[in-house]
Each structure stands twice: as C-alpha cells, then as structure tokens.
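# Structural features, examined
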Amino acid sequence: MTRLLLIGPPGAGKGTQAARLAEIYGIPAISTGDIFRSNVKNGTELGTKAKAFMDAGDNVPDSLTNELIRDRLEDADAQDGFLLDGYPRTTDQVRELDAFLASHGAALDSVVELEADPEVVVARLRKRALEQGRSDDTEAVVRHRLEVYSEQTAPLINVYATREVLVTIDALGEIDAVTARITEALVERGIVAADAPSR
Ligand SMILES: Nc1ncnc2c1ncn2[C@@H]1O[C@H](COP(=O)(O)OP(=O)(O)O)[C@@H](O)[C@H]1O
C-alpha cells in the first residue's frame, strides 16, 4: 500500500517519472493534466470548461479539479495505493485531499519533490513543444505556468516538509538516474520495502 504524490515545476519530468514509479510499485499514476487533456480531446463538458484555463496556463478552478480527483480516487484500482501527479496544486486542493484521505482512514506515505532549475525546465518544455506540440507549451504560456507554479504550488512544499513526508530529488540528469534516486530515497526512508525493484 503506497500513497505517493509527485510535486515540482512544469517540465521537471513528473509525468515521465510517474509512469515509471506506477509500474515499479504496481499502483495507478493519476495525472490531473492527463485527465483534463483527454476530456478536452473527447469534447466532454469537463473538457469544455477546462480548456480556456489550460490554454492560458492557469489552474483549472479548484471546484472542478477536486471533484474529478474525488471520483478518481474512489475507483477500485486506487484502493491499494496511488501516485498523484499534478495534484494538489493549491492550498484548497491540499485541504480537499486531506479531508478525502482522512475520511478513508488513510494518509500520504510520501511527497516526492522533483527539483529543477527554471531555465532548464523552460528549455525542456520548448523541446517538447517541437516534438509533441502541446497547446500550452508556447514560450509565453510556459513562463506563465512557471509563475502560477511558484505562486500557488511551490508553497505546498513547505506544508509537506512540516509534516515530514517530503523527499526532495534532483530532477536533472538521465531519466533512469532520476528514477533510481527516487526509489532509493523511498527505500532509505522505509516507505517501500528494500526488496521492491529499484528500476
Ligand atoms: N491540480 C490541478 N488544478 C488545477 N488545474 C490543473 C491541475 N492539474 C492540471 N491542471 C491544468 O492542466 C494544465 C496542464 O497540467 P500538467 O499536465 O500537470 O502540466 P504541467 O505541470 O507540466 O504544467 C495546467 O496548466 C492546468 O491548467
């Protein structure tokens, strides 16, 4: 049973690491960004409401996001653990997640912060824009997403540090090396068993 959360600026590699950690630990990776994007693609009501915020690089309103996560965390596959990527992003979302977990008698095991220099993440996102063409990867929107991150999301790192669940990982370097840093740190802290695979 592992309940993990990945936090870090856009472009730090949360999505990439989330997919790998989910596979290693056999838990679902739940990415609010991916869920919103698939709703936009499928033209759902939620997608229609979220699209303008996403294209501007702003957070989707907490009410929509909280509802979506509440539903997703009720799914059968999330009952034995999960890895949240991109949620919570605001103090209101932290309160919502705390209340949800408390009402299920659960708590987060660890919050993994992926730390990366802002200029490096801008460069990474520019490269991704060329390769994948995400509509929120233009330079101006990327810079705005970084501002939104430092204003609304970065303060959450202190909240989790105070609760002593924070693990800070250097997100620079090879993808495999970053995954290994995370899995080693989780073993060191006794959050996952030492015989769990490390890659
Ligand atoms: N927890 C959330 N709360 C509000 N909006 C969100 C949340 N997660 C994702 N979004 C929306 O989806 C967009 C893309 O999110 P994401 O894929 O996590 O990208 P990144 O972290 O790389 O900026 C965000 O800019 C925002 O509009």
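For the structure, see preceding data.
Now for a description of the structure that goes with this document. (Residues numbered from 1 in each chain as written. Predicted model: local features only at pLDDT ≥ 70, side-chain atom pairs only at ≥ 80, totals over all residues. Heavy atoms only, no water.)

A large share of strand β1 (residues 2-7) lies buried, amounting to six of its six residues. Side chains T2, L4 and L6 project from β1 onto one buried face, and the interleaved R3, L5 and I7 project onto a second face that is buried too. Summarising the sheet, β1 and strand β3 (residues 81-85) pair through five bridges and their orientation is parallel. Bridge assignment links L6 to a residue of β3, and that residue is D85. Of the pairings in the sheet, the one linking β1 to strand β4 (residues 110-115) comprises four bridges and is parallel in character. From the neighbouring strand, I7 faces β4, where its bridge partner is E113. (Buried < 20%, exposed > 50% of the residue type's maximum accessible area, 1.4 Å probe, protein only. Helix = DSSP H or I, 4+ residues; strand = E, 2+ residues; numbered from the N terminus. Pairing = 2+ DSSP bridges.)

Neighbouring the ligand are 18 residues, the closest being T32, D58, G86, Q93 and R145. D58 places a polar main-chain atom, nitrogen or oxygen, 2.6 Å from an oxygen atom of the ligand. One nitrogen or oxygen atom from the side chain of R145 is found 2.9 Å from an oxygen atom belonging to the ligand. Its free accessible area being 550 Å², the ligand has 96% of it covered by the protein chains. Looking at the shell around the ligand, the element that brings in the most residues is helix α2 (residues 32-41), giving four residues. (Near = heavy atom within 4 Å. Polar contact = N/O pair within 3.5 Å; in protein donor to acceptor, adjacent residues only side chain to side chain. Areas by Shrake-Rupley, 256 points an atom, 1.4 Å probe, with all protein chains shown as cover.)

Position of A161 relative to the elements: it lies in helix α7 (residues 139-162). Assessed through its relative accessible area of 34%, A161 is described here as partly exposed. When the C-alpha positions of A161 and A180 are compared, they lie 22 Å apart, and in sequence the two are 19 residues distant.

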